Amino acid sequence: MREQGWKFLGAILHYEKAWKNQASIYEKDGKYVVSGLDSSEEAEVHEPISEKEAKKRLYDSLEEIRKLIFGISK
């Protein structure tokens, strides 16, 4: 994806169509996509996602990862 000009924005959790429910979000020219292995591990997921949904999923996933790594609780 990066070789094609897509910018990696981050990893997301709880994406049911992806392997182990984990995927990445990329952006290019104001368009956002979810990318990663699909849940069967035999193909790739490349699905468009809205900017709003992409930012929400990135934020929520980062918060969850922070809690897991640093034991942060709110």
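Scroll up a little and you will see the structure.
What counts as what
- Residues numbered from 1 in each chain as written.
- Predicted model: local features only at pLDDT ≥ 70, side-chain atom pairs only at ≥ 80, totals over all residues.
- Heavy atoms only, no water.
- Patch = residues over 30% accessible without salt bridge, like charges linked within 9 Å, V, L, I, M, F, W, Y side chains within 5 Å.
- Areas by Shrake-Rupley, 256 points an atom, 1.4 Å probe, with all protein chains shown as cover.
- Salt bridge = Lys/Arg side-chain N within 4 Å of Asp/Glu carboxyl O.
- Helix = DSSP H or I, 4+ residues; strand = E, 2+ residues; numbered from the N terminus.
- Buried < 20%, exposed > 50% of the residue type's maximum accessible area, 1.4 Å probe, protein only.
- Pairing = 2+ DSSP bridges.
- Axes fitted to C-alpha atoms, helices over the stretch in contact; angles between N-to-C directions.
- Contact = heavy atoms within 4.5 Å.

(A) Representation of a nonpolar patch on the surface in the model. A contiguous nonpolar surface patch, about 390 Å² in accessible area, is contributed by Leu68, Ile69 and Phe70. Relative to the elements of secondary structure, Ile69 occurs in helix α1 (residues 51–70). On the accessibility criterion, Ile69 (58% relative accessible area) is exposed.

(B) Geometry of the pairing of strand β4 (residues 44–49). Relative to β4, strand β3 (residues 31–37) is paired through six bridges, and the arrangement is antiparallel. Counted as the bridge partner of Val34 is Glu47 from β4. Here β3 folds back onto β4 in antiparallel fashion, the turn holding six residues, of which Glu41 has a positive phi close to 65°.

(C) Quick look at the sheet that holds β3. Taking strand neighbours across the sheet as the criterion, the four strands line up as β1-β2-β3-β4 in an open arrangement whose pairing is antiparallel. The strands lining the two open edges of the sheet, one partner per strand, are β1 (7–13) and β4. Each strand axis lies, on average, 25° off the axis of its neighbour in the sheet, ignoring direction. Of the strands in this sheet, β1, β2 (22–28), β3 and β4 touch α1, which is tilted by about 60° from β1.

(D) View of the pattern of salt bridges. All chains considered together, the criterion is met by five salt bridges. With a shortest N-O distance of 2.8 Å, Glu51 and Lys55 are connected by a salt bridge. Placement of both Glu51 and Lys55 in helix α1 is noted, with a separation of four residues, approximately one turn of the helix. Given a relative accessible area of 41%, Glu51 falls into the partly exposed group. The exposure class assigned to Lys55 is partly exposed, which follows from its relative accessible area of 49%. Its salt-bridge partner being Arg57, residue Glu53 comes within 3.1 Å of it at the nearest N-O pair. One end of the pair is Glu53 and the other is Arg57, both in helix α1 and four residues apart, which spans about a single turn. Glu53 sits in the partly exposed class, given a relative accessible area of 32%. Given a relative accessible area of 22%, Arg57 falls into the partly exposed group.

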